[in-house]
Amino acid sequence: MAVFRRLLANALVGGVMSSFLWFALAFWTYLETRSVIATSVIGGAYAVASAVFGLLFGTFVDRHRKHTAMVVASAAAAACFTVATAVYAVAPADDVHRLGAPWFWLLVALVLAGSVVGNLRAIALSTSVTLLVAADERDRANGLVGATMGVSFTLTSVFSGLVIGRLGMGWALGLSTVVSVLALAHLLTIRVPEDAPEPAGEHAPAIDVRGALDAIHRVPGLMGLVLFAACNNLLGGVFMSLMDAYGLEMMSVEAWGVLFAVLSVGFIVGGLVVSKRGLGSRPLRVALVCNLVNWVVCSVFTVRTSVVLLAVGMFVWLVLVPVIEAAEQTVLQQVVPFEQQGRVFGFAQTVENAASPVTALAIGPIAQLWVIPFMTDGSGADSIGSWFGTGIDRGIALIFTVAGLVGVVMTLVASGSRWYRSVSRAVADATPEPVPA
């Protein structure tokens, strides 16, 4: 457990830098362009890249030591951020700030690559729970992972808004590069007791789709859980694309960053509750109940343009997200053999993230070209504007409300499904896998 905590601390630093720079890029892009489409495309590109590389990362984790996978991820992120910093330094100032310029999109691509490769570290960390933590403590360890994500959100939210608002994108790039290099140096000092995996064979594919599917199909209903999480991400793409724009319509970038930081304490609270109390004997039921609460909140927290309502809704959401994530990870760790967990986590990441860009890439143009005009001076403003409000922020709010209602219906349907009952039985019947040698 001591080694796991050291890996977790290192992952916190690496994750903070990746998410900090990605948040900073999103803030900077919107402030430079005032384009919802631009932030939507960037958010969608992240989800597409995560989906494309998820199974590749998972296969890599299964075929290498977990520590090696983390080192590769950290080194790649540091390299991408270093090159991005150099590009920002040498590119003409007018071009790097212009949406249509190649320099701008080269910078976006480098930050995207450095952030996406952090998913390799996340998959390795998830499998390290099985590697380093006793079976009866893994739900609590997953809670610690969630609490760490919360700390990452807090630091990210504070610093990304303040750095972009006060210092600029150049400082954000430079800081990420320096800290990422230091995190890599620290990771190299950690010794993880693990045996090398069995050789995959000369002709083994780099992306082992069959191995992932075989492991999933051995557990009746497990594909249903993966697809349910993907549907959640499909709706989550709405918030990924539009939340920054919604918040920045009501407050400055510095205030938005500070609000995010304060509210992300909820992420820490949720993770710590799981780390102390665990998830009980029915982790999947916990995940569905928390999902239902979240979608109910999402359907009502934007009924008025109010920072208070926004804050309350986001706080509830952030408290429950690490609980849901810990529950889903605990289920996979209980029912999937250790030597196949990387591929299953990677496959789940691929399917779940493949859903987000469908919404993320579509919702920006839909919001900017149809829904926002509909609620600004169109028929929507005439019909419901008297009580719902009108303007840019109310157009975005209407999308959030509809997405929340769809999520409520989807979760209620899932709670009565065959896959839910099958996976619940598999968890109840599973023999806890011991810590691998």
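As the structure is a computational prediction, the values presented were derived from the model and not from experiment.

1. Structural notes on the overall build of the protein chain
Okay, step 1: Each helix and strand counted, the protein chain has 18 helices and 0 strands in total.
Okay, step 2: Relative to the 2.2 N^0.38 estimate, which gives 22 Å for 437 residues, the radius of gyration of the protein chain is 21 Å and therefore close to what a compact globule would have.
Okay, step 3: For the protein chain, the residues scored as buried account for 57% of the 437 residues in total.
Okay, step 4: Across the protein chain, every contact between residues at least 6 apart in sequence was considered, and the portion connecting residues at least 24 apart equals 86%.
Okay, step 5: Working note: accessible area of the protein chain is about 17600 Å², and carbon and sulfur atoms make up 68% of it.
Okay, step 6: Positive and negative charge centroids in the protein chain, built from 24 and 25 side chains respectively, lie 7 Å apart.

2. Some words on helix H11 (residues 253-263)
Okay, step 1: Of all 11 residues in H11, 8 are buried, a share of seventy percent or more.
Okay, step 2: Listed as buried for H11 are Val253, Glu254, Trp256, Gly257, Leu259, Phe260, Ala261 and Leu263.
Okay, step 3: The distance from a side-chain oxygen at the start of H11 to the backbone nitrogen of Ala255 is 3.1 Å, and the residue carrying that oxygen is Ser252.

3. As for the pattern of salt bridges
Okay, step 1: For the coordinates displayed, the defined rule picks out 4 salt bridges.
Okay, step 2: Arg343 is the salt-bridge partner of Asp62, the closest N and O atoms lying 2.7 Å from each other. Of the two residues, Asp62 sits in helix H2 (residues 36-63) while Arg343 sits in helix H15 (residues 341-376), which places them 281 residues apart along the sequence.
Okay, step 3: With a relative accessible area of 7%, Asp62 lands in the buried category.
Okay, step 4: Overall, Arg343 belongs to the buried group, its relative accessible area being 14%.
Okay, step 5: Linked by salt bridges that have partners in common, Asp62, Arg63, Asp208 and Arg343 make up one network.

4. Details of the packing of helix H1 (residues 2-33) against helix H3 (residues 66-90)
To characterise two packed helices, one gives the angle between the axes of the helices and the distance between these axes.
Okay, step 1: For the pair H1 and H3, interaxial distance at closest approach is 12 Å and the crossing angle is 30°. Taken together, H1 and H3 sit at an angle that is classed as roughly parallel. Helix-helix and strand crossings are classified by hand; for H1 and H3 the assignment is left-handed. On H3, the residues touching Leu7, Met17, Ser18, Leu21 and Trp28 of H1 are His67, Met70, Phe81 and Tyr88.
Okay, step 2: For the contact of H1 with H3, the class distribution of residues is 7 nonpolar, 2 polar and no charged.

5. So, the nonpolar core
Okay, step 1: Ranked by internal contacts, the top residues of the largest apolar core, which has 124 residues, are Phe4, Met169, Phe239, Met243, Trp256, Phe400 and Trp419.
Okay, step 2: Sequence-distant contacts of Phe4, defined by excluding residues within four places in its chain, comprise Leu125, Ser128, Val129, Leu132, Val133, Ala141 and Val145.
Okay, step 3: Ranked by size, the runner-up nonpolar core spans 10 residues in total, among them Val274, Ala287, Leu320 and Val323.

6. Section: the packing of aromatic side chains
Okay, step 1: Following the criterion strictly, the structure yields 10 aromatic pairs and no others.
Okay, step 2: Ring plane angle 25° and centroid distance 5.7 Å describe the contact between Trp28 and Phe104, whose orientation is recorded as stacked. Here Trp28 is found in helix H1, whereas its partner Phe104 is found in helix H5 (residues 102-116), with 76 residues between them in sequence.
Okay, step 3: Taking 6.3 Å as the distance between ring centres and 90° as the angle between the ring planes, the aromatic pair formed by Trp419 and Tyr420 counts as edge-to-face.
Okay, step 4: The exposure class of Trp419 is buried, given its relative accessible area of 15%.
Okay, step 5: Through successive ring pairs, a cluster of aromatic residues spans Trp28, Tyr88, Phe104 and Trp105.
Okay, step 6: Lying across the ring of Phe388, Arg394 places its NZ or CZ 4.4 Å from the centre.

7. Considerations on the confidence of the model for the protein chain
Okay, step 1: Taken over all residues, the pLDDT of the protein chain has a mean of 83, while the share at 70 or more is 93%.
Okay, step 2: Model confidence for the protein chain, summarised as mean pLDDT per element, is weakest for helix H4 (residues 93-96) at 71 and strongest for H3 at 92.

What counts and what doesn't
- Residues numbered from 1 in each chain as written.
- Predicted model: local features only at pLDDT ≥ 70, side-chain atom pairs only at ≥ 80, totals over all residues.
- Heavy atoms only, no water.
- Helix = DSSP H or I, 4+ residues; strand = E, 2+ residues; numbered from the N terminus.
- Rg over C-alpha atoms; globule rule 2.2 N^0.38 Å.
- Buried < 20%, exposed > 50% of the residue type's maximum accessible area, 1.4 Å probe, protein only.
- Contact = heavy atoms within 4.5 Å.
- Areas by Shrake-Rupley, 256 points an atom, 1.4 Å probe, with all protein chains shown as cover.
- Lys, Arg positive; Asp, Glu negative; His and termini not counted.
- Charge placed at Lys NZ, Arg CZ, Asp CG, Glu CD.
- Polar contact = N/O pair within 3.5 Å; in protein donor to acceptor, adjacent residues only side chain to side chain.
- Salt bridge = Lys/Arg side-chain N within 4 Å of Asp/Glu carboxyl O.
- Axes fitted to C-alpha atoms, helices over the stretch in contact; angles between N-to-C directions.
- Parallel < 35°, antiparallel > 145°, perpendicular 65-115°, else oblique.
- Left-handed = near helix turned anticlockwise from the far one by under 90°.
- Nonpolar A, V, L, I, M, F, W, Y, C, P; charged D, E, K, R; others polar.
- Core = buried A, V, L, I, M, F, W, Y, C linked by side-chain atoms within 4.5 Å.
- Phe/Tyr/Trp six-rings, centres within 6.5 Å; stacked < 30°, edge-to-face > 60°.
- Lys NZ or Arg CZ within 6 Å of the ring centre and 35° of its normal.
- pLDDT = per-residue confidence, 0-100.

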